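# Structural characterization, general
These are the residues of each chain, in order.
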Amino acid sequence: MSEWALMVLMIISLTDKVNGVRLPSIKMYICGALIILMYYTGVRGESVYASERKRIKYLMQAFLVPYFLLWVWSVFVIFLNGSGFRYFTRASADTIYEFIAIFTAAYAILTFGKRAFDIIWSAAVISYLFNIICGFVVCGWSGVVSYYLDISVVSSINNYLEQHELIFIFGLFTIYYFMSIKETPKNKWKLIISLLFVFIGYKRILFAALAAMFLLMLLLRRLLRTNNAQAVSWVINLTTIAVFTVCFVWLYALKTDLITELSVTYNVDFMSRLRMYSFFADYYTLGISYLGRGVGATEKILAASGQFNLNSVHSDIYRNYIEYGFIPFVAWLLYYINIFPRKLKMGSDQRDTVICFLLMLYMIINALTDNVCRYYNFQMIIFMIIIYVYLEQNDKKLFGFETEGLGDE
């Protein structure tokens, strides 16, 4: 019964729209709070060892401490800029939402063990299938076919198939199942279904991200088989350099309006985002002395301008640089793409480090033109996969055995 409760809560949390109508985002945080509450009310599924709880706490600290430090930095720059109390509350709210997402992932694993991951994948499938069925019923085959024949034309089927956050989440599942197919061959159907939904969702930046991921996954899987730790480290370091290069070229292109020229030259449709990118060009400088404006500041600036229907900058790389400042942005990027994945390594096996690195890289690539760093469910599930891989790798006995309750030390 408790597993069904988790399933229902996750379906509600993951469902962004019903029959094309967007649901209030507060539902995600309520569902997250209820999942956490299930742990404290004594609900137990496939429980885990008390010793593993300490490992999960270690991962939570490693993942969340940088966000707490960014909040502290935000309070400082908000005070320095004289931005006002409403900027402080926005920074605090965004940080709390991130914490809720990570706590939800951790407590779902603590409460239900391995089953939590399977349940959440199933909930994601049910949520998206529901939207696909609604889309077919309302728009028919002709509406679906016309959508894929000319993706530039916005049609009513978009409201059903283009579930932003959910499509990016299926990309996360695709990476995990692809990297784990040798260890768990039975998951090949989950890999196929996840990849199919990625293609149905038709997100261009996601296609680019997964193309890069598949090339790296093939290379890194080969290196893992030969246990070539030095080569794996070189690949991670070189990719990190490439990520920094791409991110700062992107920031320069947005600052100088070069992106507008390129979009016209190569006929790239940015879906009305270019005007918003240009709007923020005057709010930051490219240089080490830039201190930022505080977490969540871009949302307040957008709302105050009254010029846009959107409530967030459609590029978390752009948004994070404007909000964090030069040095905190560089530290954030370096930590999550290079340092944090290495914290998972125990012993000689680097599989956990590699999968975490791939997940973080996937997030960063998509963050160039989307808001995956602020998507609640995306952050929750990426952290759940990281916990699962970490525990799976370091304690093969963890799942599938009867264990004592987590309250027992």
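This text goes with the structure placed above it.
To keep things clear, this report deals only with the structure shown in the data block. (Residues numbered from 1 in each chain as written. Predicted model: local features only at pLDDT ≥ 70, side-chain atom pairs only at ≥ 80, totals over all residues. Heavy atoms only, no water.)

For the structure on display, the rule yields 12 salt bridges. Among the salt bridges present, the one from Lys-203 reaches Asp-370, with a minimum N-O distance of 3.6 Å. In this pair, Lys-203 is assigned in the loop between helix 8 (188-201) and helix 9 (204-225) and Asp-370 in the loop between helix 16 (351-366) and helix 17 (376-394), connecting sequence segments 167 residues apart. Residue Lys-203 is classed as buried on the basis of its relative accessible area of 6%. Exposure remark for Asp-370: the relative accessible area of 1% places this residue in the buried category. Between Glu-323 and Arg-374 there is a salt bridge whose closest N-O contact spans 2.8 Å. Remark: Arg-374 occurs in the loop between helix 16 and helix 17 and Glu-323 occurs in helix 14 (residues 316-324); sequence separation between them is 51 residues. Judged by relative accessible area, which is 0%, Glu-323 ranks as buried. (Salt bridge = Lys/Arg side-chain N within 4 Å of Asp/Glu carboxyl O. Helix = DSSP H or I, 4+ residues; strand = E, 2+ residues; numbered from the N terminus. Buried < 20%, exposed > 50% of the residue type's maximum accessible area, 1.4 Å probe, protein only.)

Turning to the packing of aromatic side chains, a few remarks are in order. Counting across every chain of the model gives 52 aromatic pairs. Between Phe-117 and Tyr-388 the ring centres are 5.1 Å apart and the planes differ by 15°, which places this aromatic pair in the stacked class. Here Phe-117, found in helix 5 (residues 114-149), pairs with Tyr-388, found in helix 17; they are 271 residues apart in sequence, far enough to count as distant. The residues Phe-117 and Tyr-388 share a single accessibility class, namely buried. Between Tyr-362 and Phe-378, the ring centres sit 6.2 Å apart and the planes meet at 20°, which makes this aromatic pair stacked. Within this pair, whereas Tyr-362 is found in helix 16, its partner Phe-378 is found in helix 17, the two being separated by 16 residues in sequence. Taken as a pair, Tyr-362 and Phe-378 share a single burial class, namely buried. One aromatic cluster in this structure is built from Phe-248, Trp-250, Tyr-277, Tyr-284, Tyr-290, Tyr-318, Tyr-321, Tyr-324, Phe-326, Phe-329 and Trp-332. The ring of Phe-178 carries the charged tip of Arg-221 above its face, separated from the ring centre by 4.4 Å. Across the ring face of Tyr-284, the terminal group of Lys-255 is positioned such that the distance to the ring centre comes to 4.7 Å. (Phe/Tyr/Trp six-rings, centres within 6.5 Å; stacked < 30°, edge-to-face > 60°. Lys NZ or Arg CZ within 6 Å of the ring centre and 35° of its normal.)

With their axes 11 Å apart at the nearest point, helix 7 (residues 164-180) and helix 16 run at an angle of 155° to one another. Judged by the angle between their axes, helix 7 and helix 16 are roughly antiparallel. For the element pair helix 7 and helix 16, the recorded crossing hand is right-handed. Contacts from Ile-167, Phe-168, Gly-171, Leu-172, Ile-175, Tyr-176, Met-179 and Ser-180 in helix 7 reach Arg-351, Val-354, Ile-355, Leu-358, Leu-359, Tyr-362 and Asn-366 in helix 16. Of the residues assigned to the contact of helix 7 with helix 16, the class counts are 11 nonpolar, 3 polar and 1 charged. (Axes fitted to C-alpha atoms, helices over the stretch in contact; angles between N-to-C directions. Parallel < 35°, antiparallel > 145°, perpendicular 65-115°, else oblique. Left-handed = near helix turned anticlockwise from the far one by under 90°. Contact = heavy atoms within 4.5 Å. Nonpolar A, V, L, I, M, F, W, Y, C, P; charged D, E, K, R; others polar.)

Right, let's get into a nonpolar patch on the surface. Judged by side-chain polarity, Ile-26, Ile-30, Leu-34, Leu-37 and Tyr-40 come together as a nonpolar surface patch covering roughly 490 Å² of accessible area. By the element assignment, Ile-30 lies in helix 2 (residues 26-40). (Patch = residues over 30% accessible without salt bridge, like charges linked within 9 Å, V, L, I, M, F, W, Y side chains within 5 Å. Areas by Shrake-Rupley, 256 points an atom, 1.4 Å probe, with all protein chains shown as cover.)

Below, the discussion takes up helix 14. In terms of burial, helix 14 is a largely internal element, 9 of the 9 residues being buried. Burial in helix 14 covers these residues: Asp-316, Ile-317, Tyr-318, Arg-319, Asn-320, Tyr-321, Ile-322, Glu-323 and Tyr-324. Phi for Gly-325, located one or two positions after helix 14, is positive at around 95°.

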